[in-house]
Every structure is written in structure tokens, then in C-alpha cells.
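Residue-level structural notes
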Amino acid sequence: MTRPLRVLPLALLLGLAAGTAARAQPVEPTDVIACKTLVGLRVLMASGDRAAAEAVLPQHPDCRRIARARIGAAEHRAMVGGAPFECLTVANEADCAWVMP
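Residues numbered from 1 in each chain as written. Predicted model: local features only at pLDDT ≥ 70, side-chain atom pairs only at ≥ 80, totals over all residues. Heavy atoms only, no water.

1. Overview of the state of the cysteines
Should the sulfur atoms of two cysteines be covalently bonded, the bond is a disulfide. Our working definition: In what follows, a disulfide is any cysteine sulfur pair within 2.5 Å. Each helix is a run of DSSP H or I of at least 4 residues and each strand a run of E of at least 2, with the numbering of both proceeding from the N terminus. Remark: exposure states derive from per-residue accessible area (1.4 Å probe, protein chains only) relative to the maximum for the residue type, with buried under 20%, exposed over 50%, and partly exposed in between.
Per the stated rule, a full pass over the model turns up two disulfides. Here cysteine 35 pairs with cysteine 63 through a disulfide, and the sulfurs are 1.9 Å apart. Between cysteine 35 and cysteine 63 the disulfide shows an S-S torsion of about 105 degrees. By sign, it is right-handed. Placement of cysteine 35 in strand 1 (residues 31–35) and of cysteine 63 in strand 2 (residues 63–67) is noted, with a sequence separation of 28 residues between them. The class for cysteine 35 is buried, based on a relative accessible area of 1%. Accessibility expressed as a relative area gives 8% for cysteine 63, which makes it buried. The disulfide partner of cysteine 87 is cysteine 96, and the gap between their sulfur atoms is 1.9 Å. Across the S-S bond linking cysteine 87 and cysteine 96, the dihedral sits near 100 degrees, which makes this disulfide right-handed. An identical accessibility class is assigned to cysteine 87 and cysteine 96; each is buried. Each bonded cysteine of the chain is numbered by sequence order, and under that numbering the disulfide pairs are 1-2, 3-4.

Structure, rendered in C-alpha cells:
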């Protein structure tokens, strides 16, 4: 009976090490934040960084998450305060979406 008890801690340590290695790799985001209007996007961005924008996203009905795979080429471009913004085409939708840089 003592043998399984010795093996268990080693297996536990190996499992923890594997879990730590998996978390250390960066995760590619699968969604972009986009809004119907540039004004809506700028208002959302005023909340702070991307994490803050994600937190208040439900309070902005004109803004939503869109799968990155559905995003296409730029349809419109604008410069605001020296920062470039693009309204990108969205697959299966008539209107482009202003995407958070």
C-alpha cells in the first residue's frame, strides 16, 4: 500500500507542472470588439483599456463581439487625434463595423 502513496505525489507534481506550462502560453483572442458607429467605439474606448471596455460592453448596445474569422477588408478609414480607425466588412452583414484597435 505504501507504493501508490509514493507515486501519487509524483503524478500530482507532473500534472501541476503540465498545467502551469499550458497556462504560460499566450491565448490568441478569437473575437474583436466592434461598434456600428465610430462615435460608439470612441465612447466605449473612453472607459479605459481593453479589459475595461470588455467589462462595460453590455452597457453599449451598438457595440458587440464579432468572431475574428468574420472580419474582412477595410471599407472606411478615419483619423481621430492622430489614431487610425477602420470600419471593416463583416461576413454575411450589409454594414461594416468599427473595430477596436
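2. Regarding helix 2 (residues 38–45)
Quick note on the threshold: Regarding the arc, it is the one traced by the directions from the helix axis to the C-beta atoms. Any two residues having at least one pair of non-hydrogen atoms within 4.5 Å are treated as being in contact.
Within the sequence span of helix 2, burial applies to Leu38, Gly40, Leu41 and Leu44. Summarising the axial view, the buried residues of helix 2 lie within an arc of 160 degrees, below the 170-degree limit, and thus occupy one face. Next to the buried residues of helix 2 lie strand 1, helix 3 (50–56), strand 2, strand 3 (71–80), strand 4 (83–90) and strand 5 (97–99).

3. Side note on the pairing of strand 3
Basically, it comes down to this: Strand pairing is assigned whenever DSSP identifies at least 2 bridges connecting the two strands.
Alignment of strand 3 against strand 4, held across seven bridges, turns out to be antiparallel. When the bridges of strand 4 are listed, methionine 79 appears paired with proline 84.

4. Regarding the nonpolar core
Heads up, the rule is: Nonpolar core, defined: a set of buried Ala, Val, Leu, Ile, Met, Phe, Trp, Tyr and Cys residues in which side-chain atoms within 4.5 Å join the residues together.
Core analysis: the biggest nonpolar cluster contains 14 residues, and Leu41, Leu44 and Trp98 have the highest contact counts within it. When residues of this core are traced back to their parent elements, those giving at least two are strand 1, helix 2, helix 3 and strand 4. Looking at which element gives the most residues to this core, the answer is helix 2, with three residues. Residue contacts for leucine 41: discarding those within four places in its chain leaves Cys35, Phe85, Trp98, Val99 and Met100. Listed in part, the seven residues of the second largest apolar core include Val32, Ile66, Val90 and Val99.

Spatial relationships are all this shows, so hold off on functional conclusions.
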